[in-house]
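Residue-level structural notes
The primary structure of each chain is shown beneath.
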Amino acid sequence: MEKSPSNNNMRWVMGIVVAVALFVLPFVLARLGRTGEYWIWVTTEMIIMALFAMSLNLILGFGGMVSFGHAAFFGAGAYTVALLMKKAGWPIYLALPAAPVVAAITAVVIGWFCVRRLGLYFAILTLAFSQLLYMVIFQWYTFTGGDDGIHGIPRPEFLTAINYYLLCLILFLICFVIMRMIVNSSFGLSIRTIRENLERAKFIGINVRRYQLINFTIAGAFAGLAGGLLTLLNRFAQTEFLHWSKSAEPILASLVGGMYSLVGPVIGSTVLMFLKIILQQLHRSMVEMWAIVLGLILLVVVLFAPGGMVELYERVFGKSES
Amino acid sequence: MTIEYFIFMLINGLSQGMLLFIIASGLSLVFGVLRVINFAHGSLYMIGAFVAFSLSTLMMGGTLYSFLVLLLVVPPILAVIGFFLEVSLFRRVYGQEHLLQLLLTYALVLILDDLVRVVWGGDPRNVARPEILAGSVDVLGLALPTYNVFVLAVGPIIALGLWFLLYRTRAGSVIRAAVSYPDTLGALGVNVSWVMTSTFMLGCWLAGLGGVLTAALANIDLGIGMEKIIECFAVVVIGGLGSVGGALLGSLIIGTGITFFQLPFGRWALVFPYALMALILVLRPWGLFGKPER
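For every chain, the first residue of its written sequence is number 1, and the numbers climb from 1 along that sequence. Starting at A for chains and at 1 for ligands, labels are handed out in the order in which the entities are written. In view of the model being predicted, local features appear only for residues whose pLDDT reaches at least 70, and side-chain atom pairs are presented and counted only at 80 or more, with totals across whole chains, interfaces and linings using the full set of residues.

1. Some remarks on the overall build of chain B
Keep this limit in mind: Helix and strand labels come from DSSP, where a helix needs a run of H or I of at least four residues and a strand needs a run of E of at least two; each type is numbered from the N terminus. Only C-alpha atoms enter the radius of gyration; for comparison, a globular chain is expected to reach 2.2 Å times N to the power 0.38, where N is the number of residues. Two residues qualify as a contact pair if the distance between their C-beta atoms, derived from the backbone, is within 7 Å.
On a plain count of helices and strands, chain B comes out with 12 helices and 2 strands. Reading the secondary structure of chain B in the N-to-C direction produces α-α-α-α-α-β-β-α-α-α-α-α-α-α. In terms of overall dimensions, chain B is globule-like: its C-alpha atoms have a radius of gyration of 19 Å, near the 19 Å expected for 294 residues. Dimensions of chain B, computed from the C-alpha atoms along their principal axes, are close to 60 × 45 × 35 Å. For chain B, restricting intrachain contacts to residue pairs at least 6 apart in sequence, the fraction spanning at least 24 positions comes to 78%.

Put into structure tokens, the structure is as follows:
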């Protein structure tokens, strides 16, 4: 993973340029009238879904744990914000931080069982638990509103579309920096060691299960924050947030973008959402075809470029990692 | 609860279970030989149901004759679809990471489900039952819906057929050998890739049969594939991945379980399969019938 200093500096410059551009973007979009407003909303959603994808990649790409139930924590965060703000009347500055906390608690409980299983069994167990949570929220009409979801969640006045975009962006950048620190810490290296060789990791004294559980919980917390943010954007929470097809979204984003880097899932998620909207704009009937297009993209990636776009980029430009 | 009511519920639950078995056994069989969990199995089942609907409309269905034609024609159609899928796609990911295999089949879910929507639209459909299966039969003074009894009878026939195929024919011993020792089997001169293709076709055939039976049982819509595949996961996990006998037991447990839990718990009974699935995975991940991972 050694990087030449100039290469590293380039990355920092690139990162700062992109960040500044993202801060300026909503003010430019705001001048475009109604389409601008629409695009502010879309980019906010892109940022949130990128955070969701990035959170999954902590366990998927860096940890090598295929979770098919990550939506459980996304949904836990979403419903936490929805219930606290709508039913308990909590203010946003308490309800939003509660989302990652509740999601993390959910992740500890579910993860405690799941990390006892490896590979395929881990994947199916995460799926089973997330479906369990989905069914509970689906059936518990009096508390969660069942398949109607929870609507009309109040959002404070000062959070206009632009301000909310900025809030999400700032939180996203903070999370990005935190995840970067996690991934590059000794903890992150241990997690990668486990991914590469579980037996050897055990042998050199890494407590595999505990490390995986901590990683699972951290990922769950970030997913919960993303869920809470999306609830506030839409002003509703619905059972679909926990459905297993929602768990697949960040996996697809990670795969398309590239699993073995932090920005890969961000790129993947954004590219996929962008593509979907472009198709919608091209022709109304294309909305119906979106799943087919997405499926075909996925097939191509699985069969021909399992490393995703980041790897393709590195292959084309000869910047091979490791 | 009177004894009559109990029997009524039991028959109902068992027939639900049998239907589930027909679909889930295909999933289990395919996993056993190919080591791929096929998310698209539910989509293939749904295609079977919709093809049955179209053929039935074409034949002005509702007669016994047309229903038999559906039972004979639709499953092979699915087997042919399966042939093309296996040869063109599945074959490329054997032995690769689980993630890539799962995502390949998930890509197929996205494509196939959307194709169904494009071709058949979102309206609920069904297939008219032939007159002979439409009413109710008297069993011990109980009026039971004939169709449920019919499904209840088809299930064991399929189970017996699979058992006979797997344990009493040469093809079956080859399939079982492919589950346990694929390399040795290849070294013995058996064309393993053909074994895999035909097993996959058999799995799709079962999905198709389940589709036909469902289309005449209840309304079918775009959600049934996604719904059923998760139920099948539960069945296969409970019984043990790759075990057909386990799939039978798992299906019956889930079918009767949901039916009986509906009495005290109402809609909450639907939580039961997932709770049981999680419990089994935690306590005994190889399932009730499976063997611990090699």
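2. Section: the overall build of chain A
Selection criterion: Neighbour counting defines burial: a residue surrounded by 20 or more other C-beta atoms within 10 Å of its own C-beta is buried, one with 12 or fewer is exposed, and intermediate counts give partly exposed, using backbone-placed C-beta atoms.
The number of helices and strands found in chain A is 14 helices and 0 strands. Beginning at the N terminus, the succession of helices and strands in chain A can be written as α-α-α-α-α-α-α-α-α-α-α-α-α-α. For 322 residues, the compact-globule formula gives about 20 Å, and the C-alpha radius of gyration of chain A, at 20 Å, lands near that figure. With the C-alpha coordinates aligned to their principal axes, the bounding extent of chain A is approximately 55 × 45 × 40 Å. Taken across its 322 residues, chain A has 44% of its residues classed as buried. A fraction of 75% describes how many contacts in chain A between residues 6 or more apart in sequence connect residues 24 or more apart.

3. Thoughts on helix α10 (residues 208-234) of chain A
Residues and elements named next belong to chain A. Operational definition: What a helix is expected to span follows from its residue count: subtract one and scale by 1.5 Å.
When the terminal C-alpha atoms of α10 are compared, their 39 Å separation across 27 residues agrees well with the 39 Å that a helix rising 1.5 Å per residue should span. Burial within α10 is extensive, with 19 of its 27 residues counted as buried. Two residues or fewer past α10, R235 is found with a positive phi of approximately 60°.

4. Considerations on helix α4 (residues 98-120) of chain B
Since the α-helix advances by 3.6 residues per turn, residues separated by three or four positions end up pointing in the same direction. In this model α4 of chain B runs 32 Å from its N-terminal to its C-terminal C-alpha over 23 residues, within 8% of the 33 Å that 1.5 Å per residue would give. Downstream of α4 of chain B by one or two residues, G121 of chain B has phi in the positive range, about 75°.

5. Digging into the pairing of strand β2 (residues 142-145) of chain B
What counts is decided by this rule: Two strands qualify as a pair provided DSSP detects at least 2 bridges between them.
With 4 bridges joining them, strand β1 (residues 136-139) of chain B and β2 of chain B adopt antiparallel strand pairing. By the bridge assignment, S136 of chain B is partnered in β2 of chain B with P145 of chain B.

6. Overview of the interface of chain B and chain A
Stated precisely, the cut-off is as follows: For this classification, Asp, Glu, Lys and Arg are treated as charged, while Ala, Val, Leu, Ile, Met, Phe, Trp, Tyr, Cys and Pro are nonpolar and the rest, including Gly, are polar.
Across the boundary between the two partners, chain B contributes 32 residues, which contact 33 residues of chain A. If you list the elements that add at least two residues to the side of chain B that touches chain A, you get α4, α10 (224-239) and α12 (272-283) of chain B. With 16 residues, the top contributor of residues to the side of chain B that touches chain A is α4 of chain B. Grouping the amino acids of the side of chain B that touches chain A by side-chain chemistry returns 26 nonpolar, 1 polar and 5 charged.

7. Description of the packing of helix α2 (residues 33-62) of chain A against helix α12 (residues 263-282) of chain A
Residue and element names in this part refer to chain A. As a reminder of what qualifies: Axis lines are fitted through C-alpha atoms, for helices just across the contact stretch, and the angle between N-to-C directions can take any value from 0 to 180 degrees. Angles are sorted into four bins: roughly parallel if under 35 degrees, roughly antiparallel if over 145, roughly perpendicular if 65 to 115, and oblique for all others. In this scheme the crossing of two helices becomes right-handed for a clockwise turn of the near helix relative to the far one and left-handed for an anticlockwise turn of less than a right angle.
It is the contact of α2 with α12, at a shortest axis distance of 8 Å, that shows an interaxial angle of 140°. When the axis of α2 is compared with that of α12, the two are oblique. Where α2 crosses over α12, the two elements pack in a sense that is right-handed. Residues V42, M46, M49, A50, A53, M54 and N57 of α2 form the contact with α12, whose own contacting residues are P265, V266, G268, S269, T270, M273 and I277. Residue composition of the contact of α2 with α12, grouped by class: 10 nonpolar, 4 polar and no charged.

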